[in-house]
Amino acid sequence: MQAWTKPEIPVVPGPARRLRLYDTASGGLVEVPPAAGETARMYVCGITPYDATHMGHAATYVTFDLINRLWRDAGHEVHYTQNITDIDDPLLERAAATGVDWKDLALSEIQLFRDDMTALRVIPPQDYVGVVESIDLVTSAVEDLQRAGAVYSVDEDLYFAVKADPRFGEVSGYDVETMRALFAERGGDPDREGKRDPLDSLLWRAERPGEPSWESPFGPGRPGWHVECSAIALKHLGMTFDVQGGGSDLIFPHHEMSASGAQVATGEHPFARAYVHQAMVGLDGEKMSKSKGNLVLVSKERLGGTDPMAIRLVLLAHHYRTDWFWTASDLAEAQERLDVWRGAISRGSGPDGAAVVDALRAALTNDLDTTAALAAVDQWADSNGDDTSASSLVAQAVDALLGIKL
Ligand code: 5CA
Ligand code: ZN
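(A) Representation of the coordination of the zinc ion (ligand 2) within the structure. On the protein side, the zinc ion (ligand 2) has Cys-45 (SG), Cys-229 (SG) and His-254 (NE2) as donor atoms, found 2.1 to 2.3 Å from it. For the zinc ion (ligand 2), the four donor atoms in the first shell make angles of 103 to 120 degrees at the metal, a pattern classed as tetrahedral. All donors to the zinc ion (ligand 2) come from one chain, and their sequence spacing reads C-x183-C-x24-H. Linking Cys-229 in helix H6 (residues 225-237) with His-254 in helix H7 (residues 251-266), this pair joins segments that are 25 residues apart in sequence. Overall, Cys-229 belongs to the buried group, its relative accessible area being 1%.

(B) Up close: the pattern of salt bridges. Counting across every chain of the model gives 28 salt bridges. Among the salt bridges present, the one from Asp-144 reaches Arg-147, with a minimum N-O distance of 2.6 Å. Highlighted residues: Asp-144 and Arg-147, both in helix H4 (residues 135-147), separated by three residues, approximately one helical turn. Look at Asp-144 and you get partly exposed, because its relative accessible area is 30%. Look at Arg-147 and you get exposed, because its relative accessible area is 64%. A salt bridge links Asp-378 to Arg-337, with the shortest nitrogen-to-oxygen separation between them at 2.6 Å. Pair noted here: Asp-378 is in helix H12 (residues 370-382) and Arg-337 is in helix H10 (residues 328-345), with a separation of 41 residues, a long-range link. In the salt-bridge network here, residues are joined through shared partners; they are Asp-89, Arg-205, Glu-211 and Arg-222.

(C) Highlighting the packing of aromatic side chains. Scanning all chains against the criterion turns up 10 aromatic pairs. Plain terms: the ring middles of Trp-102 and Trp-214 are 6.2 Å apart, the flat faces sit at 80 degrees to each other, and that makes the pair edge-to-face. Here Trp-102, found in helix H3 (residues 102-119), pairs with Trp-214, found in the loop between strand E8 (201-206) and strand E9 (221-223); they are 112 residues apart in sequence, far enough to count as distant. The exposure classification of Trp-102 matches that of Trp-214, with both residues buried. These aromatic residues form a ring-pair network of at least three members: Trp-4, Tyr-61, Phe-113 and Tyr-128. The aromatic ring of Tyr-22 is capped on one face by Arg-321, whose charged end is 3.9 Å from the ring centroid. Its end group placed over the ring of Trp-380, Arg-347 keeps NZ or CZ at 4.9 Å from the ring centre.

(D) Structural detail: the nonpolar core. Leu-21, Ile-67, Trp-71, Val-243, Trp-326, Leu-360 and Leu-402 are the most contacted members of the largest nonpolar core, which has 72 residues in total. Setting aside residues up to four positions removed in sequence, Trp-326 forms contacts with Met-55, Gly-282, Leu-283, Met-288, Val-296, Ile-311, Val-314, Leu-315 and Leu-331. Grouped together as the second largest cluster of nonpolar side chains are 33 residues, Ile-135, Ala-150, Leu-158 and Phe-168 included.

(E) Layout of the pairing of strand E5 (residues 127-130). Going residue by residue along E5, you find Asp-127 and Val-129 tucked away on one face and Tyr-128 and Gly-130 tucked away on the opposite face as well. The pairing of strand E4 (residues 78-84) with E5 spans four bridges and is parallel. Paired with Ile-84 across the two strands is Gly-130, which belongs to E5.

(F) Structural context of the site of ligand 1. Surveying the vicinity of ligand 1 reveals 24 residues, the closest of which are Gly-46, Thr-85, Gly-247, Asp-249 and Lys-290. Here a nitrogen atom of ligand 1 sits 2.9 Å away from a polar atom, N or O, in the main chain of Met-288. Looking at the shell around ligand 1, the elements that each hand over two or more residues are helix H1 (55-73), H6 and strand E10 (241-247). Considering each element in turn, the shell around ligand 1 owes the most residues, four residues, to H1.

(G) Summary view of the sheet that holds strand E12 (residues 281-283). Across the sheet, which stays open at both edges, the three strands sit in the order E13-E12-E14 with mixed pairing between neighbours. Edge positions in the sheet fall to strand E13 (286-287) and strand E14 (324-325), since each has one partner strand and no second. As paired strands, E12 and E14 are joined by two bridges and run parallel to one another. Its bridge partner being in E14, Gly-282 is matched across the sheet by Phe-325.

(H) Summary view of H12. With 13 residues, H12 should cover 18 Å at 1.5 Å per step; its first-to-last C-alpha distance of 18 Å lies within 8% of that length. Along H12, the positions that sit buried rather than exposed are Thr-370, Ala-373, Leu-374, Ala-376, Val-377, Trp-380 and Ala-381. Buried positions in H12, seen along its axis, are confined to an arc of 155 degrees and lie on one side of it. Of the exposed residues in H12, those oriented more than 90 degrees away from the buried face are Gln-379 and Asp-382. Where H12 is buried, its residues contact H1, helix H9 (308-316), H10, helix H11 (353-365) and helix H13 (390-402).

(I) Representation of unusual backbone geometry in the model. Following Val-32, the chain continues into Pro-33 via a peptide bond in cis, with omega recorded as -15 degrees. For Pro-33, the location among the structural elements is in the loop between strand E2 (28-31) and strand E3 (40-44). Looking along the chain, the bond that leaves His-269 and enters Pro-270 is cis, with omega of -5 degrees. The topology assignment puts Pro-270 in the loop between H7 and strand E11 (272-278). Unlike most non-glycine residues, Asp-284 shows phi in positive territory, near 50 degrees. For Asp-284, the position within the fold is in the loop between E12 and E13.

So, how was this worked out
- All residue numbers here refer to positions counted from 1 along the written sequence of the relevant chain.
- Key to labels: chains lettered from A, ligands numbered from 1, both in the order written.
- It should be noted that, the model being predicted, local features are given only for residues of pLDDT at least 70 and side-chain atom pairs only at 80 or more, the latter also being counted only at that level, while totals for whole chains, interfaces and linings use all residues.
- Where side-chain values are given, they derive from all heavy atoms of the structure, hydrogens and water being excluded.
- Water is not among the atoms examined, so metal sites may look incomplete; donors are the N, O and S atoms within 2.8 Å of the metal, or within 3.2 Å for Na, K and Ca.
- Note on geometry labels: four donors, all angles 85 to 135 degrees, give tetrahedral; four donors become square planar and six octahedral when opposite donors are over 155 degrees apart and every other angle is between 65 and 115; remaining cases are irregular.
- Think of it this way: any DSSP run of H or I at least four residues long counts as a helix, any run of E at least two long counts as a strand, and we number them from the N terminus.
- Each residue is placed in one exposure class: buried if its accessible area under a 1.4 Å probe, protein chains only, is under 20% of its type's maximum, exposed if it is over 50%, and partly exposed if it falls in between.
- The term salt bridge refers to a pairing of a side-chain nitrogen on Lys or Arg with a carboxyl oxygen on Asp or Glu at a separation within 4 Å.
- Aromatic rings from Phe, Tyr and Trp, with only the six-membered ring used for Trp, were paired whenever their centres fell within 6.5 Å, and each pair was classed as stacked if the ring planes differed by under 30 degrees, edge-to-face if by over 60, and tilted otherwise.
- Charge over a ring is defined by NZ of Lys or CZ of Arg lying within 6 Å of the ring centre and within 35 degrees of the ring normal.
- For this analysis, a nonpolar core means a set of buried residues of the types Ala, Val, Leu, Ile, Met, Phe, Trp, Tyr and Cys, connected via side-chain atoms within 4.5 Å.
- Any two residues whose heavy atoms approach within 4.5 Å at even a single point are treated as in contact.
- Pairing between two strands requires that DSSP report at least two bridges joining them.
- In these notes, residues near a molecule or strand are those with any non-hydrogen atom within 4 Å of it.
- Whenever a nitrogen or oxygen atom comes within 3.5 Å of another N or O atom, the pair is scored as a polar contact, on the condition that within protein one atom can donate a hydrogen and the other can accept it, and that pairs from neighbouring residues in sequence are kept only if both atoms are in side chains.
- Helix span, as expected, comes to 1.5 Å for every residue beyond the first.
- Along the arc lie the directions from the helix axis toward the C-beta atoms.

Set out below in structure tokens:
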């Protein structure tokens, strides 16, 4: 699939720093990639295109965009892959409910997502890969799992046996009870008759009347969710890439299962060096979700005249590992901050620019401490000085590192 337009990224002078990120699997900070000069490889779980991008999605893609920007700043080449779950139950359900063809629904929501990402100045992935265009890839991943003895059938459907991976559970670190509850809540089927383990996950769903299906060595059907991300990540990035990313709602089962599937299929470990998760963004006390319908949409805000840079500043004002709720007053504050910053860079001189750039790099490479990064720019904008090159340097750094065009 075609991704979206790449924003311009200025090169910022001065010494860059290496990025450290919190890894859900180990519960600690890791430096990724582990060595200078390496190509940094990242897979971020993309949208299921049945509704428009909300602020939770935007927070997720902006968080991984910061990682991308910090890697580039440190001189790494970046290989970034993102999928689109363009065939899945929620998409078919929404299409049926609204009388729209599921393919048209997906295409229009993907286009809206592209426009939102462009407006938010998110760097596009190098590979933007739909599941529908990856059916052969997914079926060959299922065959790899069959060869590894990790597949069985229930009726005509194929399941991944989680017991085949001795490391199953290492991504989330959850106990079995928690896994079972989350599995039931997030698209799994722990109670289906005939399964060997309640946590075994669907790899291939045999054709059902009225549902789209594709030919495969296992008969007509469609892919299960988790194997699609294992297969796409393995094809484009290979094993042991640097960051597997998404929202914290994907820790279990999705990231646990996709890591396990890849590990069993290849016999290698680990799937990713760091599993990085954006905390949940909510509205009025609840997680924002397409299925609940309590959404603040990026496109609606944009069309209402909100500056996308103010939206991005709201997202950056919250650390990515803390859940938070979208409020109108946060947006007003972000707009005010944007005005102050824009005013400050139009001054002829200001306080030491290089010091702000270093403070920005120090904060962001420390597990994306965006609140400290914004505070450093606030402080610069609030003080006076005689550095005549400060304005252009700060504007460049805020653009390159935070993705905010002043
Ligand atoms: N297609 C799958 C991933 S393979 C999926 O989860 N799609 S999604 O459209 O539901 O979500 C897209 C991305 O936004 C995922 O990374 C998800 O974890 C993240 N996300 C969803 N809701 C929120 C939220 N309320 N806050 C933060 N991130 C969210
Ligand atoms: Zn995924």
